Amino acid sequence: MLDVLGGRKRETPPIWMMRQAGRYLPEYRELRARAGSFLDLCFTPEYAAELTLQPIRRFGFDAAIIFSDILVIPYALGRSVRFEVGEGPRLDPLDTPAKVAALAPTADFEKLQPVYQALREVRGALAENVTLIGFCGAPWTVATYMVAGQGTPDQAPARMMAYREPEAFSKIIDTLVDNSILYLVGQLEAGADCVQIFDTWAGVLPPREFLRWSIAPTARIVEGVRAKVPDAKIIGFPRGAGALLPAYVGATKVDAASIDWTAEPSLIRERVQSRVAVQGNLDPLALIAGGPALDRAIDDVLANYAQGRFIFNLGHGILPETPIAHVEQMIRRVRDYRS
Ligand code: CP3
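Bear in mind that the values here come from a model prediction, so they are computed numbers and not experimental data.

What counts as what
Residues numbered from 1 in each chain as written. Predicted model: local features only at pLDDT ≥ 70, side-chain atom pairs only at ≥ 80, totals over all residues. Heavy atoms only, no water. Phe/Tyr/Trp six-rings, centres within 6.5 Å; stacked < 30°, edge-to-face > 60°. Helix = DSSP H or I, 4+ residues; strand = E, 2+ residues; numbered from the N terminus. Buried < 20%, exposed > 50% of the residue type's maximum accessible area, 1.4 Å probe, protein only. Lys NZ or Arg CZ within 6 Å of the ring centre and 35° of its normal. Pairing = 2+ DSSP bridges. Right-handed = clockwise from strand over helix to strand, strands pointing away. Contact = heavy atoms within 4.5 Å. 1 Å grid on protein atoms, 1.4 Å probe; cavity = no way out; pocket = protein on both sides within 12 Å on 5 of 7 lines; lining within 4 Å. Points joined across faces, edges and corners; volume = space filled by probe spheres on them. Nonpolar A, V, L, I, M, F, W, Y, C, P; charged D, E, K, R; others polar.

I'm lost on the packing of aromatic side chains in this one. Help?
Under the defined criterion, the tally for this structure stands at 12 aromatic pairs. Measuring from ring centre to ring centre gives 5.9 Å for Tyr-28 and Phe-67, while their planes differ by 50°; the resulting arrangement is tilted. On the criterion of sequence distance, the pair formed by Tyr-28 in helix α2 (residues 26-35) and Phe-67 in the loop between β1 (63-65) and α5 (72-76) is long-range, its members being 39 residues apart. Overall, the relative accessible area of 4% leaves Tyr-28 in the buried class. By relative accessible area, which is 7% here, Phe-67 ends up buried. Note on Phe-135 and Phe-198: the rings are 5.4 Å apart at their centroids and 85° apart in plane angle, and the pair reads as edge-to-face. Of the two residues, Phe-135 is situated in strand β4 (residues 131-137) and Phe-198 in strand β5 (residues 194-199); the sequence distance between them amounts to 63 residues. Here Lys-111 stacks its cationic end above the ring of Tyr-75, 4.9 Å away from the centre of that ring. Over the ring of Trp-201 we find Arg-239; its NZ or CZ atom is 5.1 Å from the centre of that ring.

See below:
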């Protein structure tokens, strides 16, 4: 995978899956039931390390992603963060300029030490040729949860705050930029071989807002990380960026773009893969469907992108109801491929 991030194509693309540690795995569900809360999983290094390694042991993926969550940054900034089983995250909404004025400028990095410890443990346990990925959420996506206090279908609360209270909203974004730089650098120093910036909700923004709230903050993070770790390899995932992806890649200077399943192949090949590596983009529902429909969907992804620098992945995270046999089918088919 590091070869591909360095600009070299592989005959057979490396493969991993977003959310590869998770509820579709019985060994995850078993540890989750024992741990207590989701945040206990994230902040107990032996649990986080174990969950990171589970999909590597079972499937032999080419990369491991550290088990954690994008909402550990709001947590370390002193916001209340809880994960209700079956309901997703719940935060104290940060939805007025007065509340934003009281937001801590710097995260309590003591709270994030267990993540660094888990990275050290995993790097020590992994084979040398398996890439370890660190990550954070992009400021826009993290802010959508901080403002609304939970997931929403279209991130209306954050979009509205960005229009009505741009100064307060900028302060949230700037705080997330500064702390995400420190957090990614800390992860790289603890053993991550590369990092991914998840902008899951980039696609709900109109173009002008996309430039301001997705592209510009991500560009500052990439620049800030490289100021301290000059050769840092960084993957960006602006889900739903569509025709704005070339602008994102040009301005942020990421080494790879992770694309969702709606991406248009010729635009990606000609204006993205010509400049950086591409990662993606199997529809997670095709992975649930299985059978010939899955084979066809895998072959489409390979035909579209595997002639260039490419990392095979899903277009978004694997869903809990996915059969394990279908993941095995996918890995076999990708590993049999030669470009
Ligand atoms: O990819 C991996 O295996 C590493 C772990 C990882 C998790 N979250 C674990 C998790 C990663 C990379 C994330 C990123 C994340 N978290 C994103 C961006 C990527 C994406 O998938 O969109 C976002 C938006 C979040 C915030 C978040 N965390 C939500 C909205 C939820 C609830 C939805 C859900 O899937 O339950 C979570 C919880 C969460 N994060 C779980 C896991 C394994 C499920 C927790 C459980 O066991 O109940």
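Back to the write-up after that little detour.
Would you mind going over the pairing of strand β8 (residues 277-282) with me for this structure?
Here is the key point about a regular strand: its side chains alternate between the two faces of the sheet. Within β8, six of the six residues are buried, which leaves the element mostly enclosed by the surrounding structure. For strand β7 (residues 256-258) and β8, the ladder comprises three bridges, and the chain directions are parallel. For Ala-256, the partnering residue across the bridge sits in β8 and is Ala-277. Tracing the backbone out of β7, into helix α13 (residues 265-273) and back to the parallel element β8 gives a crossover that is right-handed. By the bridge criterion, five bridges tie β8 to strand β9 (residues 310-314) in an arrangement that is parallel. Paired with Gly-280 across the bridge in β9 is Phe-312.

For this particular structure, what's the right way to read the environment of Phe-43?
With respect to the element layout, Phe-43 can be found in helix α3 (residues 38-43). Residue class for Phe-43 comes out buried when judged on its relative accessible area of 17%. Sequence separation between Phe-43 and Gly-7 is 36 residues; the distance between their C-alpha atoms is 34 Å. Residues contacting Phe-43, with those up to four places away along its chain left out, are Val-72, Tyr-75, Lys-111, Leu-112, Pro-114 and Val-115.

Could you clarify how one ought to interpret the environment of Val-334 in this entry?
Within the secondary structure layout, Val-334 lies in helix α16 (residues 324-335). With relative accessibility at 1%, the residue Val-334 sits in the buried group. Not counting residues within four places of it along the chain, the set of residues in contact with Val-334 comprises Thr-12, Pro-13, Ile-15, Ile-298 and Phe-312.

Sorry, what's going on with the layout of surface pockets here?
Where empty space is left becomes clear once a probe the size of a water molecule has been rolled over the atoms. Here the largest pocket is characterised by a volume of approximately 1,300 Å³. Taken together, 42 residues make up the lining of the largest pocket; nearest its centre are Arg-19, Arg-23, Asp-69, Phe-83 and Pro-89. Its residues placed into classes, the lining of the largest pocket shows 23 nonpolar, 12 polar and seven charged. When its volume is computed, the second largest pocket comes out at roughly 300 Å³. Taken together, 17 residues make up the lining of the second largest pocket; nearest its centre are Met-1, Arg-10, Pro-14, Asp-62 and Asn-129. Partitioning the lining of the second largest pocket into residue classes produces six nonpolar, three polar and eight charged.

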